[in-house]
Structures are given as C-alpha cells and as structure tokens.
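# Structural overview
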Amino acid sequence: MDMFTLMSGLQLTCIYGILAIGVSIIWSSLGMLNLAHGFTFAVSGYGAWWAAITLGNSGWIVLGAGVATGGLVGLCIYFIAFLYIYDKPNYPIRALIATMAINMVGVQTLMWVFGPRMKSLPKVFGSGVVRLGEVVMTYGQMGTIICSVGTLGALLTWLGLSRRGLEIRAVMQNREGAALVGISLRTTALWVLVLTGALAGLAAVLLSQTFFVNPYAGMQPLIKGLIVALLGGLGSIGGAMIGALIIGFAEALTASYLGGQHVLMVQFGMIIAILLIRPRGIAGLLDESREE
Amino acid sequence: MSEVLSVSGVSAGYGSLRVLHDISLSINRGERVGLVGLNGHGKSTLFRTITGLVDWQNGSITLNGVQIGGKRTHGPGLKTHWIARQGVALMPQGDAMFIGLTVRQHLDAGAFTRLAWSERHDRREKILEIFPPLRKLLNQPVGKLSGGERRMVTLGRGLMGDVKLYLVDEPSLGLAPKISRAVIDALMKVELTEGAMVIAEQNLQLLEGCVDRLIGIHGGEIKGAADSLSLQSGMI
C-alpha cells in the first residue's frame, strides 16, 4: 500500500466514521433510519459555501457555518419526521418515508436554488504539504484527520460522562427503562437530531476539502454512512468506528488498484458477506454481553 | 394517614385484550403493601398502568393528589417519563435494563432528574450499602451480571431518585431462594418516611411479616385485602 492510498484511506475513514456514527445513534435511539442524512450533508456544504462568499474565507467561519447548517437541518428533521409521528404505529416505516421525502424535496430544492454547477469551498486548513519522514500529507488531509479524531474523542467523552450523554445512551439501550427513570424521548430526540446533523455538517466541510459541493453531494456519503453503520452493527459506536476503518481503506484500495468504478460494488459485496457471517455486524464481536 | 396513591375505577389492557377490570385501591404514606396473585392475573399490568406503559387505560390514578392516570387509548409510554418525574419508581419484572452500560452508569441513570443528579455520588454510596455485592461490579457492564445482581441493579436504580411510590414487580422472580430473601430484606431497609412501597409477589411466604397489608388480585379484579399475613394463606 503506497502512502497516497494510506492517507486517502484514513481521510475517508474519518469522514465516513462521523456520518456512520450519526446514522447509528439516530437508528438505535429513535428507531429512525435517517435517509435525510445525505441531504443534511449536502445543505451543510452549501451553508459553508454561502458563508465563505458572504462572510469571509476564514476556516473557522466555513467550519462553523457547515456545522450550524447541519444542526439546523437536524432541527427541521426533528419537526418534520419525528415530533408529530413518533407516537404513531409503525413509526420506523413512517420515519423512513418522511426522511426519504425530505431528502428528495431537499435535493431538488438545492438544485433549483443553486443550480447544478459545482461549488468549491475554500481550503479550511490552508494548502501545503507536511512531511513526516516517509509520509507526505496535504494540510487538508491532516486537518481532516485531526479534526475528526478530535471531534469523535470529544463526542465519546461527552457521551460517557455527561448527564445528556447518559440520557442518549440509555435511550439507545432501552427506551422503556429510559422512560422509567424520567427520560423524555422528545427531548432526547431533539438533542440527538441536532447533534448528528451538526456532525454531518462537519463531515460535509471536511469532505468538500477534496470534492466539490453539489446538490447530489450527499448521496454517496449517505450510502457509505449506512453501509458503515450496518457493518458496525446499528447502535454500536465502537463498531461504527471499526466499520469506517474497514470501508474507508477498502475504498482507497479499490480505487487505486481496481479503479473507482468498482468501489461501490466491492463495498456492497463486503457488507453482504459480513452480514451473512455476522448478522449483527462488528458490534456482535465487541461485546458478548448483549445477548437479549 | 395521607394517601400517596389512589386508584379508582381503573381498567386497562393491551390491544383488544382487557386485563384490568375496574380496579380501586389506595396506598397510604409509610405503608409497605404486598400485591399478591397468580401469574397472568394483572399484577404487572396494574404497575404498568400506573406508569402509563399499557396500550390503553381508563380511570383515575392520583399520586399525592396529582392526576397521573386518566383516559388514554394510544401512545403507551408517552407520559411515563413525566410520571417517573412525579416520583413513581417502577422496578420492572423484565428489568428494562441498559445492557451496555456499567453498573455505575446504570445507577446514575436512576438519578436522572436534575436535583438527584447533583447528589448522585452520595446516593450511590447508600445503594452500595444496601447491596454490598454491587461495589465490586461498579465498572462491569450490566449485561455480564447474573440474574440476582441484575435485580439488585434494577432495585438500586429505582432507589436513586426522589421517589414517593416504589412499585416492585416480582423481586424474587427467577432468583434462588436465598438471594430472593436477601432482596426482600434489602427492600425492607428502604426508608418510607415520604413515600410508600408496593411489592407484587407470588411467593406469600417471602412477604410474611414484611408488609403491612396484602391486596389480592385475581382475574384483573381486586379480590380481598387483609391486614395480617398469618390469616391469609387460604385467601387466594
């Protein structure tokens, strides 16, 4: 594996990891398969782009605008696809359809407002190259890796130590038990959707360092995020991280040795194979205690 | 004596199945009450009705004068968090546990309300005094514990909050006799100056001498109540 493959593998791992953790947390805490996650991703790219041309090119502004837009879209998803339907029968299916609708309407609206032309974001981390011995990294790659590792570390610490974090994890584990200790699913859902939206916004800015912003920009990351979340075992954050590592490197390796057109094929092949062998994904290997 | 819980004319069930028929009872402050009856005759459903977890319910349930019942035809569990914050702690039969959380986090979850959260360390210490075996397991995920240890965690979680009414569902279920004795003894240690406790149990011997009175439930209806246990062997 050459250094370029390694670096782009790591970069993709980070971005997919952030998305997959969002998908995973939403699924296990709210029972919602959030297909609008890709839309959140695309809008956040536009939010960051808009901030860059109106407010200024500073990296902080671009990152902040992406994250804020993501959080805002998360809030919209909360109102449209959660608040008024979560107590109805068959909620998972309703939420699936609602989020799919948000995704379709949203993407077409983006197309309508901004047009199909690709936009490029300013380089948040500046342009240049770092050499660490053998390894050559662009500032973008290094920034992406540091930024996502930092964010995920902070997220995990927050989930582990704070009252809100405990609330979210309790809901992920057992909704009835959570209600019995006084946790309101409505409040938790608001936090979860805004938080995961903001994470998707961050991922959008990070990925746009390498790719362009366009209305369909969210489609591929959404599919990758879903694959990783499934592979990791829905609901497991550790599993999602390992899944992201596997998928990210598989993508980098496939792209450089077989060609970019085989990437999705290989990934879907992998997910089918892994789910045949380990139906609960990687999470089943991580903890033997979840037998119920 | 003041009433903590007052249930009147309550019916409840799941889907088209009606489990409880016009139940009325009242529990006073400081009381420990045994709710006895055979399997499948509505003990758990009564608890689940009080906490709003059944599919539908009808009738008045008040906790210290606050109406927590009422008529409801859908949305099981929607009001449960609010009822829990009013001070009802259900220690459920199926345990409803957070399998992946550690014992420590699990106990902390019981002190979720803002006020209790700030005192969680002291409260956790108290729970560990009641259930000493948990001390060594604090950092173990709950999914790895044995049935008896899990039951202790469930009870401990219920004891962490500011509770006015403890509802303990079958504390001895699936436990070895010696362990269930210990669990009952631990429940007896809980101070009830502010609240009351209802223990649902099939095993009458276990409750003997522990509770202030018994309420029998059969076929979803209240069948007899008694003050003293010694009379009651033939009651149900």
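The structure under discussion appears in the preceding block.
Note that the structure is a prediction, hence the values are computed from the model and not measured. (Residues numbered from 1 in each chain as written. Chains lettered and ligands numbered in written order. Predicted model: local features only at pLDDT ≥ 70, side-chain atom pairs only at ≥ 80, totals over all residues.)

## Side note on the sheet that holds strand β1 (residues 3-14) of chain B
Residue and element names in this part refer to chain B. On the basis of which strands lie adjacent, the open sheet formed by four strands has the order β2-β1-β4-β5 and antiparallel pairing. Lying at the two open borders of the sheet, with one neighbouring strand each, are β2 (17-28) and β5 (66-67). Of the pairings in the sheet, the one linking strand β4 (residues 56-63) to β5 comprises two bridges and is antiparallel in character. Paired with threonine 62 across the strands is glutamine 67, a residue of β5. In the packing of helix α1 (residues 43-50) onto the sheet, contacts are made with β1, β2 and β4, and the angle to β2 comes to roughly 70 degrees. (Pairing = 2+ DSSP bridges. Helix = DSSP H or I, 4+ residues; strand = E, 2+ residues; numbered from the N terminus. Contact = placed C-beta atoms within 7 Å. Axes fitted to C-alpha atoms, helices over the stretch in contact; angles between N-to-C directions.)

## With respect to helix α9 (residues 219-232) of chain A
Residues and elements named next belong to chain A. Between its terminal C-alpha atoms α9 stretches 20 Å, which fits the 20 Å expected from 14 residues at 1.5 Å a residue. Across the 14 residues of α9, eleven count as buried, placing the element largely inside the fold. Two residues or fewer past α9, glycine 233 is found with a positive phi of approximately 95 degrees. (Expected span 1.5 Å × (residues − 1). Buried ≥ 20, exposed ≤ 12 C-beta atoms within 10 Å, placed from the backbone.)

## Regarding the packing of helix α1 (residues 3-30) of chain A against α9(A)
Residues and elements named next belong to chain A. Interaxial distance between α1 and α9 falls to 8 Å at its minimum, and their mutual angle equals 65 degrees. Considering the relative orientation of α1 and α9, their crossing is right-handed. Taken together, the residues of α9 that come into contact with α1 (itself represented by Tyr16, Leu19, Ala20, Gly22, Val23, Ser24 and Trp27) are Pro221, Lys224, Gly225, Leu226, Val228, Ala229 and Gly232. (Left-handed = near helix turned anticlockwise from the far one by under 90°.)

## A look at the interface of chain B and chain A
Contacts between chain B and chain A engage 29 residues on the former and 20 residues on the latter. Elements that contribute at least two residues to the side of chain B that touches chain A include exactly α2 (80-85) and α3 (103-110) of chain B. The residue makeup of the side of chain B that touches chain A, split by class, is 14 nonpolar, eleven polar and four charged. (Nonpolar A, V, L, I, M, F, W, Y, C, P; charged D, E, K, R; others polar.)

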